[in-house]
Amino acid sequence: MSIHPHISLSLSLHLYSPLFFFPLHTKEEERKMGNSLMSLLSIFHLLVLWGSSVNAYWPPSPGYWPSSKVSSLNFYKGFRNLWGPQHQRMDQNALTIWLDRTSGSGFKSVKPFRSGYFGANIKLQPGYTAGVITSLYLSNNEAHPGFHDEVDIEFLGTTFGKPYTLQTNVYIRGSGDGKIIGREMKFRLWFDPTKDFHHYAILWSPREIIFLVDDIPIRRYPKKSASTFPLRPMWLYGSIWDASSWATEDGKYKADYKYQPFTAKYTNFKALGCTAYSSARCYPLSASPYRSGGLTRQQHQAMRWVQTHSMVYNYCKDYKRDHSLTPECWR
């Protein structure tokens, strides 16, 4: 039995319409419902594109969360004030440190480590923070002044309406003293670090250094030679200080103390690994499920996403640099 073409169109439309319980009777109604259907499809298409856009600007899951393997550390058991004690305050397990015209502030782990996992949840100050550095880093500067090692996570202050820059850096045996030889990689984060706490960490082993943000690896610095890798024990530090000479757009914008105090909040401290006093049998921690270190395929994919979408500077790709001083870039 054949069906009249108008009846066929009516059946097709009312089956896919939100008003399909009311059959269509006129061509005008069919036209209106057809337009409604097209509108709904357009909205659905926009929602799909919006969802894809959101996913495009958020890293894929790393599939492994090393921070969950390390217990939190009571600040007073694991750290001590280093400078600016009057600019530190502990409130509900969160440490606030601040910089004003008189002083900044810093803290230091009680123990030195020769490897381990080091992290904290940090929340930054919004608004004008140009010239101000908020940091979490490993160093042995006090043990080896003028010839020290250092591994940095630094937040470079910014001006109104511009995002923070997260800078990672590695100094080896005095490359951060005198004539500076930095190994900087810089990132613009895929979230606003002033809105909430996020977890930032350094995994340091005798084989590699891995920088992580919310358990997502953003940088892996492997040991390629003893001369380009820190091997001496280091302490974990945190600080806030005035670096107006270079911090924001190479010193273009300075700290402006009419916006003081500049604050940073730290919580969920983690520092676990082989201390300088551990036996030789102490086995280094890993950032992946592999005891030998390295990253899984899924972690590599997440890191590639970050370095594709969020990295804004890589010292190895800066052709103005003298890479004879950073041989790991070409080995």
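Novice: Would you mind going over the state of the cysteines with me for this structure?
Specialist: By definition, a disulfide links two cysteine residues through a covalent bond between their sulfur atoms. A full pass over the atoms with the stated rule returns two disulfides. Two residues share a disulfide in this structure: C274 and C282, whose sulfurs sit 2.1 Å from each other. Its S-S torsion of approximately -95° makes the covalent link between C274 and C282 left-handed. Residue C274 is classed as buried on the basis of its relative accessible area of 1%. For C282, a relative accessible area of 26% translates into the label partly exposed. Counting only the cysteines that form disulfides, in the order they appear in the protein chain, gives the pairing 1-2, 3-4.

Novice: Explain the environment of T228 to me, please; I cannot follow it from the model alone.
Specialist: When you line up the elements, T228 lands in the loop between β12 (216-222) and β13 (235-242). Taking the relative accessible area as the measure of exposure, T228 reaches 3% and is therefore buried. Ignoring any residue separated from it by four or fewer positions in sequence, one finds T228 in contact with I172, R183, Y221, P327 and E328.

Novice: Explain the pattern of salt bridges here, please?
Specialist: As a working rule, side chains carrying opposite charge can pair if their charged atoms are close by. Following the criterion strictly, the structure yields six salt bridges and no others. The shortest N-O distance in the salt bridge between E184 and R321 comes to 3.1 Å. With a gap of 137 residues between them, E184 in the loop between β8 (165-171) and β9 (185-187) and R321 in the segment after β15 (311-314) connect regions that are remote in the sequence. The partly exposed category is assigned to R321, whose relative accessible area is 24%. Between R220 and E208 there is a salt bridge whose closest N-O contact spans 2.6 Å. One end of the pair, R220, is in strand β12; the other, E208, is in strand β11 (residues 208-213), with twelve residues separating them in the sequence. A relative accessible area of 2% places E208 in the buried class.

Novice: Looking at this structure, I do not really get the side chain of D177. What am I missing?
Specialist: Relative to the elements of secondary structure, D177 occurs in the loop between β8 and β9. Look at D177: it is buried, it has no salt bridge, and the nearest opposite charge is R232 at 7.2 Å. In this structure the side chain of D177 is engaged in a polar contact, spanning 2.9 Å, whose partner is the side chain of H148.

Novice: Hey, could you run me through the sheet that holds strand β6 (residues 132-139) in this one?
Specialist: Consider a sheet: its strands pair through backbone hydrogen bonds, and that pairing is either parallel or antiparallel. Taken in spatial order, the eight strands line up as β1-β4-β13-β6-β7-β8-β9-β15 in an open sheet, and their pairing is antiparallel. The open sheet has two edge strands, β1 (79-83) and β15, and neither has a second partner. When the angles between neighbouring strand axes are averaged without regard to direction, this sheet yields 15°. Bridge analysis of strand β4 (residues 105-109) against β13 gives four bridges, and the strand direction is antiparallel. Bridging from a neighbouring strand, F107 pairs with G238 of β13.

About the thresholds
- Residues numbered from 1 in each chain as written.
- Predicted model: local features only at pLDDT ≥ 70, side-chain atom pairs only at ≥ 80, totals over all residues.
- Heavy atoms only, no water.
- Disulfide = S-S within 2.5 Å.
- Buried < 20%, exposed > 50% of the residue type's maximum accessible area, 1.4 Å probe, protein only.
- Helix = DSSP H or I, 4+ residues; strand = E, 2+ residues; numbered from the N terminus.
- Contact = heavy atoms within 4.5 Å.
- Salt bridge = Lys/Arg side-chain N within 4 Å of Asp/Glu carboxyl O.
- Lys, Arg positive; Asp, Glu negative; His and termini not counted.
- Polar contact = N/O pair within 3.5 Å; in protein donor to acceptor, adjacent residues only side chain to side chain.
- Pairing = 2+ DSSP bridges.
- Axes fitted to C-alpha atoms, helices over the stretch in contact; angles between N-to-C directions.

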